[in-house]
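The primary structure of each chain is shown beneath.
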Amino acid sequence: MPGRIAGRVIDAAQGGPIAGAQLEVVGTGVTALTALDGRYTLAPVAGGDVQVRVRMIGYQPKLVTGIVVAAGAAAEQDVALERQVVQLQEVTVAAAAERGSVARALDEQRTAVGVVSAVSAAEIARSPDGDAGQAVQRVSGVTVQDGRYVVVRGLGERYTTASLNGARIPSPEPERKVVPLDLFPSSLLEAITTAKTFTPDLAGDFSGGAVNLKTREFPARAQVRLSLATGLNSAAARPSVPAAPTTGGEWAALTGHARDLPAAVAQAGRFEAPLSQAEVNGMVAAFRPVWTPQRRTVRPNTSLGLSAGGSAALLGRRIGYLASATYGAGQEVQTGQVRGQAIAGGNGEAVAADRFVGSTGRESVLWGGLLNLGTTVGAHSRLSLNATYNRSADNEARRETGFSENLGGEFRIDRLRYVERAVRSSQLAGEHALGDAHHVDWSLTLSGVHRREPDRSEFVSALETDPATGAQTARWFGGGNEGAVRTFADLREHAVEGAANYIVTLGRAAAAPALKLGALLRDTRRTSLTRAYGLSAPTLPAEARALPPEQLFDGRYTGAGASWFQIAPLAQGGSYEAADRLYAGYAMTDVGLLAGRLRLIAGARLEHSRVRVVAEPTLGAPVTTTPTYTDVLPSATLNYSLSDRQTLRFAVSQTLARPEYRELAPVQYREVLGGDNVVGNAGLRRTRIRNADLRWELYPAAGEVVSLAVFAKHFDAPIERVYLATSGTRVVKYVNAASARNVGVEAEVRKRLDVVSPALRGLTAFANMTLMRSDVTIGTSEASRTNDERAMVGQAPYVLNGGLTYDAAGGLSATVLYNRAGRRIVSAAEAPLPDVYEEPRDVVDVSLRFPVAGGLSGRLDAKNLLDGAYRVMQGPVVRESYRTGRSLALGFAWGR
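Note that the structure is a prediction, hence the values are computed from the model and not measured.

Draft legend 1. Layout of the overall build of the chain. Along the chain, the regular secondary structure elements total 9 helices and 51 strands. Taking all 896 residues of the chain together, 53% fall into the buried category. Here the analysis covers contacts within the chain between residues at least 6 apart in sequence; of these, 71% occur between residues at least 24 apart. With an accessible surface of roughly 36000 Å², the chain has 58% of that area assigned to carbon and sulfur atoms.

The structure is reproduced here in structure tokens:
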């Protein structure tokens with residue numbers, strides 16, 4: 001039975017597809033032409049060892065030998081063609097060598113017009129990373145905060161943007177626009193690229209980096225893959241762990257309405273009308289009678305995935321498809337937890353206050369799916385549809401005890417918190433070749449997020465000690481509104497984004513100039529609703545306050561005639577609505593000079609942003625903020641090819657960073673008892689940033705790279721998160737400083753070790769390091785009381801990544817990964833208190849992949865082997881500290 005050969009033909013220098021290339025199976029008469037996306041299929045092809053000749057006007061012809069076609073099966077073979085000014089003799093390469101060449105050509109780090117770093121699907125597959133947030137931290141200069149928020153080159157998260165297949169991802173977080181990348185399972189991704197320099201075809205609101213998640217494309221031949229893994233975390237490996245009660249559906253992040261705000265409380269609105277005691281009692285009794293963490297036996301972490309892809313004939317047209325789904329459930333325990341505050345002592349030094357210790361148990365779920373479809377219309381057009389949906393949930397319980405200096409006593413706090421997040425995106429895109437010199441591409445993306453945090457509870461007990469017996473009794477701290485709090489939060493965002501680009505190439509020579517024009521419109525609507533209620537009973541007898549909260553609020557003290565309870569909306573509630581419309585257009589040119597060795601990419605982007613934020617606090621009148629900006633953002637990049645393996649890049653540009661919605665909303669929110677008060681600032685201005693980058697790159701062989709870069713940035717009116725201790729109340733606020741600067745050096749190396757000794761064949765070492773320094777000039781602003789000699793908020797002085805990979809014949813591989821980020825400022829403090837820093841910690845992960853039999857393979861992953869403590873310090877005071885334990889997972893995958 002004959003087989004077939006399928007693959008893509010690409011430009012070796014640019015990495016883009018070549019349409020209209022001619023392919024021929026030598027000696028058979030079987031031919032094919034590549035479509036717009038460079039894909040081709042040669043069929044029927046007799047089984048055995050065959051040769052394929054590839055020709056395209058303007059490119060050097062190539063003969064690929066050693067392609068093995070099995071009877072009735074498909075062989076995949078990509079081909080890279082070198083562009084030539086004049087036709088040269090045909091070159092002959094082996095199929096295996098050509099696959100290595102194509103791998104380099106497809107590496108966006110080498111073929112991009114600017115400074116780009118990337119991690120491929122193959123690298124992700126060899127690591128234990130289960131989501132994009134874990135995988136992206138392997139990129140040079142990238143760190144991840146809280147396991148989900150990306151920070152590039154040590155800058156704060158506000159200077160990084162995230163996109164999915166080139167379209168902006170909306171954020172499910174109420175306080176920020178940054179996207180938690182742990183929402184995206186790594187098995188659904190083809191690559192993660194991070195652009196570190198600005199070109200006019202990129203969004204202008206970044207300076208650190210623009211992260212783009214590219215979902216998997218359909219394969220050239222039919223494939224089915226099934227995977228299953230299970231594991232355990234060492235911190236959770238104990239007889240019982242803290243656990244939050246469930247209502248059903250938490251395993252799928254679909255809990256329905258069981259946690260919704262009681263109807264009676266919702267109907268009362270802002271409590272502007274007086275309430276009768278009977279109405280108050282009814283509201284108190286209507287809350288879900290759950291306040292206390294449970295203890296639960298440990299559960300194993302599990303994950304599974306299923307994908308199918310290929311191409312099929314439909315309505316007379318061949319459709320490429322990929323459908324994939326993944327599900328994971330895990331358990332995490334934070335042990336040795338410490339939380340505290342710092343106050344100024346008599347000598348001005350930081351002194352610990354409100355120190356609480358405890359532990360947190362969290363059960364997490366992440367599942368997602370994608371459907372990618374693509375087809376060509378003739379040889380000149382391609383249409384694709386990419387649809388993704390990802391959903392996660394965290395159900396956590398926390399118990400801590402400590403001493404409150406403000407209240408002068410010892411307390412126990414129980415917290416239950418459940419959060420659901422969902423992100424969806426549907427993108428219809430088209431590419432059209434209009435003759436040999438004109439190319440048009442467009443996309444329409446509909447995206448949205450939904451975040452629910454229903455029925456968060458905090459219950460505070462005063463720990464009273466009998467002076468005679470020393471016995472300790474926990475009694476509800478019900479004299480004020482912070483002793484029992486229920487919070488309900490809901491966020492929804494919908495966005496529509498349309499983009500179009502037109503490229504015209506003026507000639508077919510290697511140095512032919514190209515002009516690129518484009519436009520973008522994005523309309524975003526966000527609604528964030530947060531309601532918080534405090535329950536109190538100042539006159540409730542001591543014996544009643546000693547009852548467990550589930551009994552205290554079960555109705556025995558809210559019956560007819562009872563008048564113990566009070567209910568009030570709290571200031572940490574509040575809501576806002578945001579409407580954000582962005583218009584953008586750009587023009588850029590790509591000109592080849594010096595016979596194509598030097599490329600100049602220059603142009604400018606025009607962005608007009610209109611934002612309207614209406615903030616409605618729990619108490620008080622709504623406040624409307626309407627910042628409007630028009631910015632011209634120029635950019636120029638020079639790429640000089642020192643040789644066919646070396647490139648020198650120099651780029652200068654101007655970008656910006658706009659305030660986030662919640663930062664513009666002057667609504668205060670606060671954690672219960674001892675938490676920080678956080679309030680927005682309607683007067684915030686955007687930050688303008690001037691950037692300069694210089695980078696040298698060397699690609700010694702397939703899969704190898706050596707690079708060295710320096711960069712510098714100047715910030716005008718940077719937005720800083722400052723910590724103000726005013727009138728004894730801790731307040732975090734966002735303000736504009738006068739200016740800031742950031743300079744740094746990046747180095748990266750990836751090299752096979754068989755050059756040292758043949759005994760090291762199969763070993764590849766890789767490492768990247770970023771050293772950074774920044775300083776802020778506060779000027780005369782609300783931040784004037786903070787330290788003027790410090791780094792920017794979010795700035796880490798260095799980032800280190802390293803590792804060693806072993807690849808052997810037959811599918812055996814092993815990888816060791818190392819990561820460390822330097823001491824990073826979290827929040828600036830009011831003098832004389834020192835600033836708040838996240839301390840560095842070392843992270844080591846190990847992953848093993850091994851064949852079993854047939855299409856079955858196995859994996860063994862060990863994560864966080866050093867189990868270093870996560871620690872946030874303010875001088876000598878521990879603000880937060882905990883350990884998460886080591887995790888071990890064993891899995892198997894089957895594919896054909």
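Draft legend 2. Looking closely at the side chain of serine 881. With respect to the helices and strands, the residue serine 881 is situated in strand S50 (residues 877-883). Using a relative accessible area of 8% as the deciding quantity, one classes serine 881 as buried. Excluding residues within four positions of it along the chain, serine 881 makes contact with Gly336, Gln337, Val338, Ala869, Tyr870 and Arg871.

Draft legend 3. Geometry of the sheet that holds strand S15 (residues 189-195). Reading across from one edge, S10-S15-S16-S13-S14 is the order of the 5 strands in this open sheet, with mixed pairing throughout. Here the strands that pair on one side only, and so sit at the sheet edges, are strand S10 (116-120) and strand S14 (167-168).

Draft legend 4. Inspection of a nonpolar patch on the surface at higher detail. Together, Leu226, Leu306, Tyr806, Leu812, Leu848, Val852, Leu856, Leu860, Leu888, Leu890, Phe892 and Trp894 make up a nonpolar patch on the protein surface, roughly 960 Å² of accessible area in all. Those elements that provide at least two residues to the nonpolar patch are strand S47 (842-853), strand S48 (856-863) and strand S51 (887-895). Counting residues per element, the nonpolar patch draws most heavily on S51, at 4 residues. With respect to the helices and strands, the residue leucine 860 is situated in strand S48.

Draft legend 5. Fine view of the environment of valine 710. Along the chain, valine 710 falls in strand S38 (residues 705-716). We classify valine 710 as partly exposed; its relative accessible area is 38%. Each C-alpha atom of the pair valine 710 and valine 745 lies 4.4 Å from the other, and the pair is 35 residues apart in sequence. Sequence-distant contacts of valine 710, defined by excluding residues within four places in its chain, comprise Ala692, Asp693, Leu694, Gly744 and Val745.

Draft legend 6. The arrangement of the pairing of strand S33 (residues 628-641) in detail. Of the pairings in the sheet, the one linking strand S31 (residues 598-616) to S33 comprises 13 bridges and is antiparallel in character. Note that in S33 the partner of histidine 608 across the bridge is threonine 630. In this structure, S33 lies alongside strand S34 (residues 646-657), joined through 7 bridges in antiparallel fashion. When the sheet's bridge partners are listed, serine 641 is paired in S34 with threonine 647. Between S33 and the antiparallel strand that follows it, S34, lie 4 residues.

Draft legend 7. Quick peek at the environment of glycine 208. As for its position among the elements, glycine 208 is in the loop between S15 and strand S16 (209-215). Since its relative accessible area comes to 0%, glycine 208 is described here as buried. Linking glycine 208 and alanine 195, residues 13 residues apart in sequence, is a C-alpha distance of 8.6 Å. Among residues more than four places away in sequence, those in contact with glycine 208 are Val152, Arg153, Leu155, Tyr159, Ala195 and Lys196.

Draft legend 8. Focus on helix H6 (residues 277-286). The complete set of buried residues in H6 reads Val280, Asn281, Met283 and Val284. The arc that holds the buried residues of H6, viewed along the axis, is 160°, so those residues lie on one side. Packing partners of the buried residues in H6 comprise helix H5 (263-267), strand S28 (514-536) and strand S29 (566-569).

Cut-offs used in this document
- Residues numbered from 1 in each chain as written.
- Predicted model: local features only at pLDDT ≥ 70, side-chain atom pairs only at ≥ 80, totals over all residues.
- Heavy atoms only, no water.
- Helix = DSSP H or I, 4+ residues; strand = E, 2+ residues; numbered from the N terminus.
- Buried < 20%, exposed > 50% of the residue type's maximum accessible area, 1.4 Å probe, protein only.
- Contact = heavy atoms within 4.5 Å.
- Areas by Shrake-Rupley, 256 points an atom, 1.4 Å probe, with all protein chains shown as cover.
- Pairing = 2+ DSSP bridges.
- Patch = residues over 30% accessible without salt bridge, like charges linked within 9 Å, V, L, I, M, F, W, Y side chains within 5 Å.
- Salt bridge = Lys/Arg side-chain N within 4 Å of Asp/Glu carboxyl O.
- Arc of directions from axis to C-beta.

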